[in-house]
Amino acid sequence: TPSTINAGDTVTLTFNINNTWSTDNATNIKAILPVLSIGTWTSATYDSMPIVITSNVADFSSEVILNNTISGLITLVFTSDASASVGTYNSQVNFTGNYETSGSPITISPLDFSIAITAPPVTYAFCEPNTINDTDLTLNVKINNKGAGEDYKWLPLDIIEVEVEL
């Protein structure tokens, strides 16, 4: 299920890494963050401690995942551009790392994710705040028929002008 946001909003990915190796610790873990045209990766944490993101790589190498344990909570935050186009964007975070004793590369499954950008709600402001005397809320509506018919009796193809005053 995609994370659905408006353009300019953020998406937070949270997950753990499970080290199923029974005899060696996982270390030198790095998350390779995808480059997405709709925004940027703005922060990363490991158990609430900030992690630096450089060139779309979140470096968790100072953290060690002990054998047969699960990592601390990893959080990645992506901020979409305010001008991001509406649509669904699928990608994945890839990982690199090594086993501490053997130095062998560790295999960590990619983290698949989807971001759905929706159109922001449209709001209209007709009046500036505090510019209306709200003790006299009289509504005046004036209808003018600019066509061949009368103001309250219209004919097909008449152009009707409506003036509303508050």
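The paragraphs below set out a description of the structure included in this document. No experiment lies behind these values; they were computed from the predicted model shown.

1. Looking at the sheet that holds strand β6 (residues 49-51)
Strand order in this open sheet of four strands is β2-β10-β5-β6, and the pairing throughout is antiparallel. Single-partner strands in this sheet number two, and they are β2 (10-15) and β6. The average angle at which neighbouring strand axes cross in this sheet is 25°, direction not considered. In terms of strand pairing, β2 meets strand β10 (residues 74-80) through six bridges, oriented antiparallel. Looking at the pairing, V11 lines up with F78 of β10.

2. Things to note about the packing of aromatic side chains
With the rule as written, the count across this model stands at five aromatic pairs. Ring plane angle 70° and centroid distance 5.1 Å describe the contact between W41 and F78, whose orientation is recorded as edge-to-face. Residue W41 is located in strand β5 (residues 39-46), and its partner F78 is located in strand β10; the two are separated by 37 residues in the primary sequence. Under the relative-accessibility criterion, F78 is labelled buried at 1%.

Rules behind the numbers
Residues numbered from 1 in each chain as written. Predicted model: local features only at pLDDT ≥ 70, side-chain atom pairs only at ≥ 80, totals over all residues. Heavy atoms only, no water. Pairing = 2+ DSSP bridges. Helix = DSSP H or I, 4+ residues; strand = E, 2+ residues; numbered from the N terminus. Axes fitted to C-alpha atoms, helices over the stretch in contact; angles between N-to-C directions. Phe/Tyr/Trp six-rings, centres within 6.5 Å; stacked < 30°, edge-to-face > 60°. Buried < 20%, exposed > 50% of the residue type's maximum accessible area, 1.4 Å probe, protein only.

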